[in-house]
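# Results of the structural survey
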Amino acid sequence: MTTSGITPVASVTRVARVMLESPLPQLDRLFDYRIPDALIPDARPGVRVKVPLRSAGRVSRGYIVEVTDHADFVGTLSDVEEVVSAAVVLTPDVWALARRVADRAAGNASDVVRLAVPPRQVRVEKAWLARRQKAGGASPEHPEPVEAVATPTTNPPPIDGYGPGVVENAIAQRKRIALSAVATVRQAGNASAGEDEAHTAWVGAWAATMAAMAVHTLGLGRSSILVVPDYRDQEQLETALRALLPAEDHAGQGTATGAIGTVARLDARQTNPERYANFLACLEPRPRIIVGTRSVVYAPAHELGLIALWDEADPLHNEPLSPYVASRDVALIRQEQSGSALAFVSHSRSSEVQRLVELGFLDDIAQSPRFLPKVVPTSAQVSNDRYAQTARIPSTAWQAARTALETGPVLIQVARPGYSPVLACASCTSPAHCLVCDGPLRAQSKNSPPSCAWCGAIAAQWQCRHCEGTTFTHIGQGSARTAEELGRAFPATRVIVSDGSRSRGDVGGGPALVIATRGAEPVAAGGYHAVLLLDGERMLARESLTVAEDCLRWWSNAIALAAPRAPTIIVGVGGDLARTLVTWQQPRFASEELADRRRLRFPPAIRVATVRGTAEAVASAVKELHDSVQGEDSAKIDVLGPVPDENDFVRSIVRFDYSVGASVASTLRAAVIKNATSRRKTPGRPTNYRTPPTLRVRFDDREILD
DNA sequence: AGCACGCCGACT
DNA sequence: GTCGGCGTGCTC
């Protein structure tokens with residue numbers, strides 16, 4: 001191809017910068033490879049590749065994240081071995097997000113990318129590429145044509161409950177908001193649509209609000225990502241969306257190789273082909289509403305206009321895979337990178353979100369006009385009624401349930417079954433603690449003396465630390481039995497049970513007794529005519545720093561399933577918690593909770609990182625941490641422990657201010673890499689035995705407070 | 001991970 | 001001399 005005197009264009013070396021799919025922390029950086037001429041058309045940023053690593057014949061999978069003309073690497077480049085597929089699956093913004101999320105949690109970007117990009121499904125991908133080619137002639141050589149923007153056929157309905165235009169403006173101005181959901185249920189769409197399914201069309205008002213927000217965003221030509229904790233919430237949201245969008249927008253859900261409509265979904269219950277088809281649809285250059293559980297927050301989205309999380313404090317938003325970053329934190333980073341609007345929608349208020357509100361980082365949007373559920377606290381004093389006594393229900397609650405059952409369904413919330421009975425002081429009902437180590441006391445069997453769950457000491461000469469009491473009581477004993485007995489107490493009434501294993505999405509509007517464990521309450525058509533929160537004391541007796549916050553969330557979400565003006569009876573809960581529910585002022589409670597955490601220097605007032613490993617590895621990491629902070633910053637970090645952990649490891653907890661988070665993460669990351677690259681043999685083991693990583697770090701673990 | 005390189009003890 | 005044990009380090 002050389003013409004005399006002219007430098008051939010092809011002589012410029014094309015370099016691919018590649019992220020390797022490897023769990024090794026020392027490989028968590030970009031590697032440069034030469035792109036052979038034959039691969040140049042397909043080797044674009046975002047495609048999957050195979051590249052050689054270290055020695056001939058060994059290949060690693062990875063993604064090209066950048067293509068340049070100059071390698072940073074001084075040395076001979078290896079060639080990219082293969083472009084696995086021309087599909088650009090790791091978009092630049094998702095890559096940037098993955099890198100930032102990994103850095104914040106001292107983890108691998110490739111671990112985050114694994115959450116963001118589902119496993120490749122060859123058939124689905126081929127069908128999608130062929131359809132794209134046919135539709136727009138899109139090809140690696142030609143930029144993808146911009147498809148006609150889908151405009152909603154119906155005008156977006158006003159987002160009501162917050163004053164005219166308030167939420168719409170927040171979306172248009174790309175604000176970050178904490179939005180208090182309206183605490184009742186709504187009928188999705190109008191009654192004429194799908195009459196035989198009329199009772200299934202009731203959803204929490206939050207779902208109607210979030211759906212309307214997404215449809216409004218769609219009207220601005222932008223995509224939304226809606227993140228929910230579980231599939232039951234997802235079903236409500238999809239029901240609400242179906243009511244606002246024409247049927248064709250929901251197309252393609254069952255068929256992995258068919259085209260996906262405006263609404264795409266990504267959740268844990270999908271088959272791999274279904275998930276990949278929906279994922280690929282998100283890559284298309286048209287605005288979509290993307291609905292799913294926690295990892296949907298990483299979905300590629302064309303012109304992202306809104307990220308909205310429902311009930312962000314639900315533990316299901318916490319990712320159980322390394323690097324364990326909760327969807328709230330991912331959303332905050334993604335909002336910053338994309339400049340989209342961001343909404344945390346909930347009934348209760350977490351201390352994390354309250355902190356962001358008090359910083360002025362989130363705008364607090366309250367309801368207007370104010371919708372106040374009718375909450376009635378009552379003592380645990382059991383009614384004189386014979387049936388009520390059998391079921392241990394106080395008279396107020398008993399009467400409310402009886403009255404409501406004449407006209408409609410009644411919800412009874414009980415604690416999770418299988419909860420080990422909690423021992424408490426018989427006179428003041430505060431949880432009983434071990435006199436030796438302060439651990440929780442348990443009764444092994446009915447008649448054995450209580451012993452400590454931590455140190456095993458028998459609590460023989462026990463005395464309550466709050467009052468003078470010396471006798472025990474079992475709190476919330478037998479809530480499973482409660483359900484059974486309620487059925488007998490209300491004969492001739494239909495009893496529906498909904499718990500973790502047998503959960504119901506919705507129930508009809510006729511009289512029925514619905515017994516649900518907290519978090520598994522079905523939506524009732526028209527709302528419940530009464531709600532009974534029976535196991536309050538027992539739920540509060542959990543050993544956790546976040547117990548009050550958790551209970552408020554469970555109770556608030558159940559209360560929000562009541563019909564307007566229908567009473568909620570909460571049994572055996574008084575003080576601030578009851579007042580918070582009666583006045584429906586969860587943010588004020590969260591503010592006090594946050595103030596307490598500041599005093600105690602607990603999250604979310606500060607951040608935490610757990611460092612686990614051999615005593616030497618942990619000590620060395622902690623030393624580097626102390627060395628890394630100078631002067632006044634040294635007061636922003638403190639270390640608890642080390643204390644013994646599982647199998648000869650120790651554990652330290654690092655507490656640090658948000659302002660030094662990046663530095664703490666990079667220091668601990670360096671310690672992890674150093675540990676992984678300089679491994680030593682373990683004495684007394686077979687030759688060539690290598691210890692598994694002897695240093696692990698985890699950021700922002702909520703469970704260390706339990 | 002998995003493989004190459006290099007530095008000390010027993011050997012034809 | 002040098003063979004090969006295993007500890008250490010690197011991967012574009």
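Since this is a predicted model, take the numbers as computed values, not measurements.

## Here we look at the overall build of chain A
Each helix and strand counted, chain A has 18 helices and 30 strands in total. Considering chain A as a whole, with its 706 residues, one finds that 45% of them fall into the buried category. In chain A, once contacts between residues fewer than 6 apart in sequence are set aside, the share between residues at least 24 apart is 69%.

## Some words on the nonpolar core
Grouped together as the largest cluster of nonpolar side chains are 195 residues, with contacts concentrated most on M210, A211, L226, I290, L532 and L668. Take this core: its biggest share by element is 11 residues, from helix α5 (residues 205–219). Those residues within four positions of I290 in sequence are excluded, and the remaining contacts are S223, S224, I225, L226, A264, L266, C282, V296, A299 and A301.

## Quick word on the packing of helix α1 (residues 92–104) against helix α2 (residues 109–116)
Running from N to C, α1 and α2 point in directions that differ by 130°, and their axes come no closer than 8 Å. Our classification of the angle between α1 and α2 gives oblique. For α1 against α2, the interelement crossing comes out right-handed. Across the interface between the two elements, V94, A98, R99, V101 and A102 of α1 pack against A109, D111, V112, V113 and A116 of α2. In terms of residue class, the contact of α1 with α2 is built from 8 nonpolar, no polar and 2 charged.

## A few points about the confidence of the model for chain A
When pLDDT is averaged along chain A, the result is 87, and 87% of the positions lie at 70 or above. Here residues 145–149 is modelled with pLDDT under 50, and outside its nearest four sequence neighbours on either side it reaches 10 contacts, counting other chains as well. In this model, residues 682–689 is a region of pLDDT below 50 whose contacts with residues beyond four sequence positions or in other chains number 3 contacts.

## Quick look at the pairing of strand β26 (residues 567–571)
Most of β26 is tucked away: 5 of the 5 residues are buried. Residues P567, I569 and V571 point to one face of β26 and T568 and I570 to the other, with burial holding for every one of them. Two strands pair when backbone bridges link them, and strand β25 (residues 530–533) and β26 are joined in this way by 3 bridges, in the parallel orientation. For V531, the partnering residue across the bridge sits in β26 and is T568.

## Let's talk about the sheet that holds strand β4 (residues 59–68)
Spatially, β2-β1-β4-β3-β5 is the arrangement adopted by the 5 strands of the open sheet, whose pairing is antiparallel. One side of each edge strand has no neighbouring strand; the edge strands of this open sheet are β2 (30–34) and β5 (82–83). Strand direction decides the pairing type here: strand β3 (residues 48–52) and β5, joined by 2 bridges, are antiparallel. Of the residues in β5, the one forming a bridge with K50 is E82.

## Examining the sheet that holds strand β30 (residues 695–699)
Ordered in space as β28-β29-β27-β30, the 4 strands form an open sheet in which the pairing is antiparallel. Both outer strands of the open sheet, β28 (637–644) and β30, are each paired with one neighbouring strand and no more. The mean angle between the axes of side-by-side strands here comes to 20°, regardless of whether they run parallel or antiparallel. Examined bridge by bridge, strand β27 (residues 607–613) and strand β29 (residues 650–656) share 7 bridges and lie antiparallel to one another. By the bridge assignment, V608 is partnered in β29 with R655. Here helix α18 (residues 661–677) sits on the sheet and contacts β27, β28, β29 and β30; the angle it forms with β30, its principal contact strand, is near 155°.

## What to know about helix α11 (residues 395–404)
Listing the buried residues of α11 in full gives A397, W398, A400, A401 and A404. With its buried residues spanning 165° around the axis, α11 presents them on a single face.

## Observations regarding the environment of E336
Mapped onto the secondary structure, E336 falls in helix α8 (residues 327–338). Measuring from C-alpha to C-alpha, the distance between E336 and A400 comes to 48 Å, with 64 residues separating the pair along the chain.

## Looking at the packing of helix α9 (residues 351–358) against helix α16 (residues 586–600)
Between α9 and α16, the least distance of the axes is 9 Å, while the angle of their chain directions is 90°. The orientation of α9 with respect to α16, classified from their angle, is roughly perpendicular. Where α9 abuts α16, its residues S351, Q354, R355 and E358 lie against P587, A590, S591, E593, L594 and R597. Classifying every residue of the contact of α9 with α16 by side-chain character gives 3 nonpolar, 3 polar and 4 charged.

## Remarks on α16
Taking 1.5 Å as the rise per residue, α16 with 15 residues should run 21 Å; its terminal C-alpha atoms sit 21 Å apart, in good agreement. The complete set of buried residues in α16 reads Q586, F589, A590, E593, L594 and R597. Take α16 and look down its axis: the buried residues cluster within an arc of 140°, on one side only. Its buried side turned inward, α16 meets α9, α14 (547–559) and α15 (575–583). Where α16 terminates, the next one or two residues include R601, which has phi positive at roughly 55°.

## Points about the environment of G161
Looking at where G161 falls in the secondary structure, it is placed in the loop between α3 (122–136) and α4 (166–172). A residue is classified by how many C-beta atoms lie within 10 Å of it, and G161, with 25 of them, is buried. Each C-alpha atom, one on G161 and one on S368, is 5.5 Å from the other, the two residues being 207 residues apart in sequence. Excluding anything up to four places from it in sequence, G161 contacts V182, T209 and Q367.

## Looking at unusual backbone geometry
What is expected of a backbone is that most residues other than glycine have negative phi and most peptide bonds are trans. In this structure, the amide linkage connecting S322 to the following residue, P323, adopts the cis form with an omega of 5°. Within the secondary structure layout, P323 lies in the loop between β12 (304–310) and α8. The omega angle of the peptide bond from P603 to P604 is 5°, so this bond is cis rather than trans. Tracing the sequence through the fold places P604 in the loop between α16 and β27. One non-glycine residue, E303, lies in the positive phi region at around 50°. Within the fold, E303 resides in the loop between β11 (289–292) and β12. Residue class for E303 comes out partly exposed when judged on the 16 C-beta atoms lying within 10 Å of it.

## Focus: the pairing of β28
Note: β28 against β29, 6 bridges, orientation antiparallel. Its bridge partner lying in β29, D638 is registered against R655. The antiparallel hairpin formed by β28 and β29 contains 5 residues in its connecting segment, where N647 sits at a positive phi of about 20°.

## Some details on the environment of P229
Mapped onto the elements of the fold, P229 is located in the loop between β9 (223–227) and α6 (231–244). Ignoring sequence-local partners within four residues, the contact set of P229 consists of T293, D311, D314, L316 and H317.

Parameters and conventions
Residues numbered from 1 in each chain as written. Chains lettered and ligands numbered in written order. Predicted model: local features only at pLDDT ≥ 70, side-chain atom pairs only at ≥ 80, totals over all residues. Helix = DSSP H or I, 4+ residues; strand = E, 2+ residues; numbered from the N terminus. Buried ≥ 20, exposed ≤ 12 C-beta atoms within 10 Å, placed from the backbone. Contact = placed C-beta atoms within 7 Å. Core = buried A, V, L, I, M, F, W, Y, C linked by C-beta atoms within 7 Å. Axes fitted to C-alpha atoms, helices over the stretch in contact; angles between N-to-C directions. Parallel < 35°, antiparallel > 145°, perpendicular 65-115°, else oblique. Left-handed = near helix turned anticlockwise from the far one by under 90°. Nonpolar A, V, L, I, M, F, W, Y, C, P; charged D, E, K, R; others polar. pLDDT = per-residue confidence, 0-100. Pairing = 2+ DSSP bridges. Arc of directions from axis to C-beta. Expected span 1.5 Å × (residues − 1).

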